[in-house]
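Structure at a glance
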Amino acid sequence: MRIDVITLFPDFIETCAKVGVVGRARERGLIEIATWNPRDFATDNYRSADDRCYGGGPGVVMMIDPLRRALANVRQASGSAAGKAIYLSPQGARLDQAKVEALAQRDHLILLCGRYEGVDERFIEHAVEEEISVGDYVLSGGELAAAIVIDAVGRLQEGVLHDAESAQQDSFSNGLLDCPHYTRPERHEWGVVPSVLTSGDHAAIARWRQKQALGRTWLRRPDLLDRLALDKKQRALLDEFRREHEHKPSDESSGE
Ligand code: 4H3
């Protein structure tokens, strides 16, 4: 996959794209990431990419033409003649794992990061295929949102994750939240690892994990559960979790 990012802060994206799973994937040539600064496509001596907002007020807006020229250069460099951009903004459709999986199938993404009051609406109308939001909150720029898309999409590329990181086991890959995880020491001042996990009984462990995933989703994100058609076995596991939950003391945690 190739990802082109149009941004006034290319260093921000470059830094994000250097670390962790995405950094490794990039080094191995599994994803290609390029950044484009609209300032490099300005025509005045100040390299302006923004101007005052029509209608008044203190803000500035990113201008059409520097962005348009940046996009033309992306198209030339990537060989995708008609490529439109994805604009990260709070006005977009909320990103979820299903959308991430759909984006991950594509071989080219062009991400547009806004700053200030955003981008001239005419650029959005002509050169943006869709707006995506990473959540219902406002950021000072689209770069963090783009970094989220790059990470979520990048880790799903063929060959990026090794077995231990397998995307199959992810929270959300089955529409449920993840189960709890533990590592050594088994006994600690703050608690003991559930005994099933040290039993060596793989079927019992898989059952426990499924039950915890169902239970946590029920407790924390009932909206996700409503959208799933649980099978008979899952319903039985969730019922078991709920019965146990009712008989637990109300304070689950033990402080600190
Ligand atoms: C994305 C971008 C929130 C999100 C963003 C999100 C700055 C969009 C500018 C930039 C506009 C004005 N905030 N929730 N901020 O995904 O270009 O908001």
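A short tour of the structure in this document, coming up. (Residues numbered from 1 in each chain as written. Predicted model: local features only at pLDDT ≥ 70, side-chain atom pairs only at ≥ 80, totals over all residues. Heavy atoms only, no water.)

Description of the site of the ligand
In the region of the ligand, 19 residues are neighbours, and Tyr87, Gly114, Val134, Gly135 and Leu139 sit closest. Contact between the ligand and Val134: an oxygen atom at 2.7 Å from a main-chain N or O atom of the residue. Protein contacts shield 93% of the accessible area of the ligand, which totals 410 Å² for the unbound molecule. With 4 residues, the top contributor of residues to the shell around the ligand is strand β5 (residues 85-94). Considering only residue class, the shell around the ligand consists of 9 nonpolar, 8 polar and 2 charged. (Near = heavy atom within 4 Å. Polar contact = N/O pair within 3.5 Å; in protein donor to acceptor, adjacent residues only side chain to side chain. Areas by Shrake-Rupley, 256 points an atom, 1.4 Å probe, with all protein chains shown as cover. Helix = DSSP H or I, 4+ residues; strand = E, 2+ residues; numbered from the N terminus. Nonpolar A, V, L, I, M, F, W, Y, C, P; charged D, E, K, R; others polar.)

A look at the pairing of β5
Bridge analysis of β5 against strand β7 (residues 128-133) gives 6 bridges, and the strand direction is parallel. Among the inter-strand pairings, Ile86 is bridged to a residue of β7, identified as Glu130. When β5 meets strand β6 (residues 108-112), the two strands line up parallel, connected through 2 bridges. The partner of Tyr87 across the bridge, within β6, is Leu112. (Pairing = 2+ DSSP bridges.)

With respect to the packing of helix α7 (residues 202-220) against helix α9 (residues 232-246)
Viewed as axis vectors pointing N to C, α7 and α9 meet at an angle of 70 degrees, and their least axial separation amounts to 9 Å. Taken together, the axis directions place α7 and α9 in an arrangement best described as roughly perpendicular. For the pair α7 and α9, the sense of crossing is right-handed. Residues Arg207, Gln210, Lys211, Gln212, Leu214, Gly215, Arg216, Trp218 and Leu219 of α7 form the contact with α9, whose own contacting residues are Gln234, Leu237, Leu238, Glu240, Phe241, Arg242, Glu244 and His245. Tallied by class, the residues present in the contact of α7 with α9 amount to 6 nonpolar, 5 polar and 6 charged. (Axes fitted to C-alpha atoms, helices over the stretch in contact; angles between N-to-C directions. Parallel < 35°, antiparallel > 145°, perpendicular 65-115°, else oblique. Left-handed = near helix turned anticlockwise from the far one by under 90°. Contact = heavy atoms within 4.5 Å.)

Here's the deal with the environment of Ala34
Secondary-structure assignment places Ala34 in strand β2 (residues 32-36). Apart from the residues lying within four places of it in its own chain, the contact partners of Ala34 are Arg2, Ile3, Asp4 and Val5.

Details of the environment of Ala213
Checked against the element boundaries, Ala213 lands in helix α7. For the pair Ala213 and Arg28, spaced 185 residues apart in sequence, the C-alpha to C-alpha distance is 34 Å. Contact partners of Ala213, with chain neighbours within four places excluded, come to Leu176, Leu177 and Cys179.

As for the packing of aromatic side chains
Counted by the stated rule, this structure contains 1 aromatic pair. Seen in terms of ring centroids, Trp218 and Phe241 are 6.3 Å apart; in terms of plane orientation they differ by 80 degrees. Their pairing is edge-to-face. Of this pair, Trp218 sits in helix α7 while Phe241 sits in helix α9, and the two are 23 residues apart along the sequence. (Phe/Tyr/Trp six-rings, centres within 6.5 Å; stacked < 30°, edge-to-face > 60°.)

Section: the nonpolar core
If you look at the biggest cluster of nonpolar residues, it comprises 28 residues, and the most contacted ones within it are Ile3, Leu103, Leu111, Ile150 and Val153. Ranked by residue count, the leading element in this core is helix α6 (residues 143-154), at 6 residues. Setting aside anything within four residues of it in sequence, one finds Ile3 in contact with Glu32, Ile33, Ala34, Leu109, Leu111 and Ile150. With 19 residues, the next largest nonpolar core counts Ala49, Val74, Tyr87 and Phe123 among its residues. (Core = buried A, V, L, I, M, F, W, Y, C linked by side-chain atoms within 4.5 Å. Buried < 20%, exposed > 50% of the residue type's maximum accessible area, 1.4 Å probe, protein only.)

So, the pattern of salt bridges
Taken as a whole and assessed by the stated rule, the structure comprises 15 salt bridges. Close ionic contact of Glu32 with Arg2 constitutes a salt bridge, the shortest N to O distance being 3.4 Å. In this pair, Glu32 is assigned in strand β2 and Arg2 in strand β1 (residues 2-6), connecting sequence segments 30 residues apart. Judged by its relative accessible area of 47%, Glu32 is partly exposed. Assessed through its relative accessible area of 15%, Arg2 is described here as buried. (Salt bridge = Lys/Arg side-chain N within 4 Å of Asp/Glu carboxyl O.)

What to know about the packing of helix α4 (residues 97-104) against α6
For the pair α4 and α6, the least separation of the axes is 9 Å and the interaxial angle reads 75 degrees. One element, α4, and the other, α6, form an angle in the roughly perpendicular class. From α4, Val100, Leu103 and Ala104 reach across to α6, where they touch Val149, Ala152 and Val153. Class assignment for the residues of the contact of α4 with α6 results in 6 nonpolar, no polar and no charged.

Just geometry here; none of it tells us what the structure is for.
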